[in-house]
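# Descriptive analysis of the structure
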Amino acid sequence: MNESTPPFRAPVGTHDVLAPASAQWEGVVATFASLAHRYGFGLIITPMFEDVGVFNRGIGESSDVVSKEMYVFSDRGQRTFALRPEGTASVVRAFVQHRPPTPWKAWYVTPAFRYERPQAGRYRQHHQLGVEALGSEDPELDIEVIALAWRFFEAVGLRRVRLLINSMGHDECRGRYVELLAAHLALHGAQLCDEHRRGWSTNPLRVLDCKRPACVAVTEAGPMLPDHLCEDCRNHFARVVAGLESIGIEATLTPRLVRGFDYYTRTTFEFVADALASAQNAVGGGGRYDRLAEQLGGPPTGGIGFGCGIERLLLVRDAEGVSDELLKRTPDVFVVDTTGSGDSTVLLDELRRGGVAAQRAYGGRSMKAQMRAADHSGARFALLIGPTEQAAGQVTMRDLRSGEFAQAQPTVERGDVVAVVRDLLTEK
Ligand code: HAM
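Residues numbered from 1 in each chain as written. Predicted model: local features only at pLDDT ≥ 70, side-chain atom pairs only at ≥ 80, totals over all residues. Heavy atoms only, no water.

The next thing to look at is the site of the ligand. By nearness alone, 27 residues border the ligand, and E86, T88, E116, E132 and Y264 come closest of all. Here an oxygen atom of the ligand and a backbone polar atom of V283 are 3.2 Å apart. The contact in question runs from an oxygen atom of the ligand to an N or O atom on the backbone of G309, over 3.2 Å. Expressed as a share of its isolated accessible area of 650 Å², the protein-covered part of the ligand is 96%. Put simply, the parts of the chain that give the shell around the ligand at least two residues each are β6 (125–134), β10 (282–288) and β11 (303–309). If you tally residues by element for the shell around the ligand, the top one is β10, at six residues. For the shell around the ligand, the class distribution of residues is nine nonpolar, eleven polar and seven charged. (Near = heavy atom within 4 Å. Polar contact = N/O pair within 3.5 Å; in protein donor to acceptor, adjacent residues only side chain to side chain. Areas by Shrake-Rupley, 256 points an atom, 1.4 Å probe, with all protein chains shown as cover. Helix = DSSP H or I, 4+ residues; strand = E, 2+ residues; numbered from the N terminus. Nonpolar A, V, L, I, M, F, W, Y, C, P; charged D, E, K, R; others polar.)

What follows is the structure, encoded as structure tokens:
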């Protein structure tokens, strides 16, 4: 490689996330992990790629995600794999493989890969936080999963997120509904958008998902799913909505909400952020998939989950102007050492072992350069060790944020530094 070789860049539709921006990621993942544990979910880690059949069968070959967006490849042993386009199918595959006792509740944080047209909020590699709960069809489980998502959005500071909800019914009522919808589309197919005019019959439900005005107009005049649910599915749905209401979570009934995957049955939901443009305003979504375990070769097992896009969530936080304080990661102290004696090595070790986030400059730089670095780091205090301090067995403290000690910078006995810093930090 020589000077004229252009440097490599991350692939189109992907991003590097560096500090300090990555501190927000740490913050949202930690918040999610702690909430998930409170709700009884344990972390699951599954491979980033799976036999392509897991997604073909699980998500459905007529879905856009599988037919147009999946990264499929053969390995050197001629096996066909796909990079995970979402989290649910892999988790259910793992459930079927390991058969853990039910109810089984798993949470995850994972990259997901979809060959989409990159734009703000839509990437070829995005990241999802999610949960899956298997082994019960009880509407209480639906309420719990939706509540977890809702409380998570609250915990990271979002205030303008709405919950849209629908029921897809179980196989039979949905099957009957699809026949009615197909009959309606057969009459009005010529008025659908370019994409669906020819292709609607492969999967009529996809037309409900289409946001183009032509498809919206045709489907709005047609049959709606909730009017065709059987009594069981209707009761199940009513209990979910009432349960959410009892804990102060308002759900907007949205009959057109069918979502893009074939595995959904009964409850489906989406969280939309009013602060984002409508094409990319879904910050999370999920639903029941009571047939998925069977489709992947396991016993009949009800399940429900949701996934939330981390990049989208951060865009919404920005758009809503949520303060960064909650997620900020700046050092507590910055050690400035002009003696080059190794005193700072020992002091930094003591501080860090004592629970203080401490940074330093490297390369024996001047006092001025080290103070600039200290200011730049966002640390609360600078701890100065120069020849005078060293000789007296002391450290000088400077408050970098309030300027409180600007005139009278206190000196602290070397042996007391960690305790003094910790006291000052808890005082604020
Ligand atoms: P999904 O709606 O396809 O559902 O994705 C979940 C969330 O991931 C979306 O609401 C969005 O925030 C984010 N997302 C999706 N695609 C992209 C993209 N290309 N770029 C950026 N963010 C994106 C699922 O994946 C289901 N597995 C959810 C689920 C879990 N259903 C049941 N359990």
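In this section: the domain arrangement of the protein chain. Split into domains, the protein chain comes out as domain 1 (22–170 + 230–320) and domain 2 (333–427). A separation of 47 Å is found between the C-alpha centroids of domain 1 and domain 2. (Domains from an automatic or database assignment.)

Bringing helix α5 (residues 139–155) into the picture now. For α5, with 17 residues, the first-to-last C-alpha span of 24 Å sits near the 24 Å given by 1.5 Å per residue. Summarising burial for α5: twelve of the 17 residues are buried, a large majority. All buried positions along α5 are accounted for by P139, L141, D142, I143, V145, I146, A147, L148, A149, W150, F152 and F153. After α5 finishes, the residue G157 shows a positive phi value of roughly 95 degrees. (Expected span 1.5 Å × (residues − 1). Buried < 20%, exposed > 50% of the residue type's maximum accessible area, 1.4 Å probe, protein only.)

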